[in-house]
Amino acid sequence: MSSNDFFDARERMLVRIAQTRDASGDGLPHWARAEDGNWTLTPDGDWTGGAFVGELWLAHLADPQRFPISDAHAALARMLPRAQLRTAFKGFGFYHGAAVGRNGTRRCAHGSKVAGADV
């Protein structure tokens, strides 16, 4: 894959993440209709919301101007009521929704600060 191909693919993913963020309002995306890409939302993310929160963390690392850290924080806050639920699906959502952000925004492997947010 050439670097142009990589950057083109990255940009297409970031555009879709931004479209999803903008369409989500006060909910978290659960699934999209294949016909038009419109999302069905849930208030707390159900078992799939953490994947989108993880995308917001990664998008922030790729483009902090377009994806402020507050996007990921707000989406993660919508998931927090699920922390009290007794369900096997909780680990999946909170790993992607919280651990990815904590690990990615705290420090790179070489120890330099990537973003100034506490998760």
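That block above? That's the structure.
For the structure given in this document, a descriptive report is provided here. Just so it is clear, the structure is predicted and the values come from calculations on it, not from any experiment.

1. Side note on the nonpolar core
Argument step 1. With 17 residues, the main nonpolar core has I17, L28, V53, L56, W57, F67 and M79 as its most contacted residues.
Argument step 2. Among the secondary structure elements, those contributing two or more residues to this core are helix 1 (3-24), helix 2 (49-62), helix 3 (69-79) and helix 4 (90-106).
Argument step 3. Contact partners of L56, with chain neighbours within four places excluded, come to I17, R21, D71, A72 and A75.

2. Here we look at the pattern of salt bridges
If the charged atoms of two oppositely charged side chains come close together, the side chains can form a pair.
Argument step 1. A complete count under the given rule lists six salt bridges for this structure.
Argument step 2. Residue E11 is joined to R66 by a salt bridge in which the shortest nitrogen-to-oxygen separation is 2.9 Å. Of this pair, E11 sits in helix 1 while R66 sits in the loop between helix 2 and helix 3, and the two are 55 residues apart along the sequence.
Argument step 3. Residue classification places R66 among the partly exposed residues on the basis of a relative accessible area of 26%.
Argument step 4. Salt-bridge contacts for D71 lead to R21; the nearest nitrogen and oxygen are separated by 2.9 Å. Taken together, the residues span a long stretch of sequence, with D71 in helix 3 and R21 in helix 1 at a distance of 50 residues.
Argument step 5. Among the charged side chains, a salt-bridge network with shared partners connects E11, D63 and R66.

Procedures and definitions
- Residues numbered from 1 in each chain as written.
- Predicted model: local features only at pLDDT ≥ 70, side-chain atom pairs only at ≥ 80, totals over all residues.
- Heavy atoms only, no water.
- Core = buried A, V, L, I, M, F, W, Y, C linked by side-chain atoms within 4.5 Å.
- Buried < 20%, exposed > 50% of the residue type's maximum accessible area, 1.4 Å probe, protein only.
- Helix = DSSP H or I, 4+ residues; strand = E, 2+ residues; numbered from the N terminus.
- Contact = heavy atoms within 4.5 Å.
- Salt bridge = Lys/Arg side-chain N within 4 Å of Asp/Glu carboxyl O.

Purely geometric numbers; function is a separate question.
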